[in-house]
Amino acid sequence: MAVLFSDEKKWNLDGPDGNIKYWHDLRKEPRSFFSRQSDGGSVMVRAAFGFNGQVGLAFLDGRQNSPKCIETLENHLMPFVESIGGRNWEYKHDNAPTHTSSATKNYLNSKSVTVLEWPSMSPDLNPIQNVWGIMSRKVYENGGQFYSVNALKTSIESAWYNWEPEILQTLIMSMEKRVYDALLKNGKTLNY
């Protein structure tokens, strides 16, 4: 059975964590940064991937709720599932309230989507966390900051749509070892 790993990530115009403070060598000129007022300085993205490819990115608007979650699933997840054919797969999400609400569960059931049982708060096991890390290094390389949301979106899309399939497949194939290592460490942090 194949698994489709899914998660969302916030991307900031000012850098990977929105923090513009940094340590610098006092013998060198400090780097200059620009900053933004709150609201309007970030982008929220939902994505998913499996052994057979990647789901199209979903740029999320505003605070997410069950209807918006269902709309994202309908417009991004379901077309991908139809393109790969068959029903022999499971969907993995992060157990956020919008994903576990009755409305979202009913929607997934109506589409015959099986949700993979997954412990809450287990980022060590979810390979999409590795994907976010690799993408962040590409999006923000050389201390990259963005002056517009559109420029940030373009960079995120470039990082998402230019994966070598082998990298994603390797991450998925590492799952057996991740689970084994998590059991050995009694759920403590892993070095992935």
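Please read these numbers as outputs of a predicted model, since none were measured by experiment. (Residues numbered from 1 in each chain as written. Predicted model: local features only at pLDDT ≥ 70, side-chain atom pairs only at ≥ 80, totals over all residues. Heavy atoms only, no water.)

Notes on the overall build of the protein chain
Secondary structure summary: the protein chain contains 7 helices and 6 strands in total. Reading the secondary structure of the protein chain in the N-to-C direction produces β-β-β-β-α-β-α-α-β-α-α-α-α. Classification of the 192 residues of the protein chain by burial places 41% in the buried group. Accessible surface, the protein chain as shown: approximately 11,700 Å² in total, 51% of it carbon and sulfur. (Helix = DSSP H or I, 4+ residues; strand = E, 2+ residues; numbered from the N terminus. Buried < 20%, exposed > 50% of the residue type's maximum accessible area, 1.4 Å probe, protein only. Areas by Shrake-Rupley, 256 points an atom, 1.4 Å probe, with all protein chains shown as cover.)

Remarks on the environment of arginine 63
Mapped onto the fold, arginine 63 is located in the loop between β4 (58–60) and α1 (66–84). Assessed through its relative accessible area of 76%, arginine 63 is described here as exposed. With 19 residues separating them in the primary sequence, arginine 63 and methionine 44 have C-alpha atoms 9.7 Å apart.

Overview of unusual backbone geometry
Its identity is not glycine, yet asparagine 95 carries a phi of approximately 65 degrees, on the positive side. By the element assignment, asparagine 95 lies in the loop between β5 (89–92) and α2 (97–100). Relative accessible area serves as the criterion here: at 24%, asparagine 95 is assigned to the partly exposed category. We note that serine 112 has phi near 60 degrees; this positive angle belongs to a residue other than glycine. Of note, serine 112 is situated in the loop between α3 (102–110) and β6 (114–115).

Structural notes on the confidence of the model for the protein chain
Taken residue by residue, the protein chain gives an average pLDDT of 83. The fraction at 70 or more is 81%. Long-range and interchain partners of residues 18–24, a stretch whose pLDDT sits below 50, account for 10 contacts in this model, where long-range means more than four residues apart. (pLDDT = per-residue confidence, 0-100. Contact = heavy atoms within 4.5 Å.)

Topic: α1
Helix length check: α1 (19 residues) gives 26 Å between terminal C-alpha atoms against 27 Å at 1.5 Å per residue, within 8%. At glutamate 74, α1 is bent by approximately 35 degrees, the largest bend along its length. Among the residues of α1, Ser66, Cys69, Ile70, Thr72, Leu73, Leu77, Met78, Phe80 and Val81 are the ones counted as buried. (Expected span 1.5 Å × (residues − 1). Bend = angle between axes of the 7 residues up to and from the residue.)

Some thoughts on the pairing of β5
Here β5 shows no split at all, with Trp89 and Tyr91 on one side and Glu90 and Lys92 on the other all buried. Where strand β1 (residues 2–12) meets β5, 4 bridges bridge the pair, whose relative direction is parallel. If you follow phenylalanine 5 over to β5, its bridge partner there is lysine 92. Pairing geometry for β5 and β6, over 2 bridges, is parallel. Residue pairing for β6: tyrosine 91 is matched across the bridge by valine 115. (Pairing = 2+ DSSP bridges.)

As for the layout of surface pockets
Looking at the second largest pocket, its volume works out to about 210 Å³. Looking at the second largest pocket, the residues that line it are Glu8, Met44, Arg46, Leu60, Gly62, Arg63, Gln64, Cys69, Thr72, Ala96, Thr98 and His99. Elements with a contribution of two residues or more to the lining of the second largest pocket: β2 (42–50), α1 and α2. (1 Å grid on protein atoms, 1.4 Å probe; cavity = no way out; pocket = protein on both sides within 12 Å on 5 of 7 lines; lining within 4 Å. Points joined across faces, edges and corners; volume = space filled by probe spheres on them.)

A few points about helix α4 (residues 127–139)
Within an α-helix, residues lying three or four positions from one another point in the same direction, as the helix has 3.6 residues per turn. The end-to-end C-alpha separation of α4 is 18 Å, in line with the 18 Å expected for 13 residues at 1.5 Å each. Residues Pro127, Ile128, Asn130, Val131, Trp132, Met135, Ser136 and Val139 constitute the buried set of α4. Those residues of α4 that are buried are in contact with β1, β2, α5 (149–161), α6 (165–173) and α7 (175–184).

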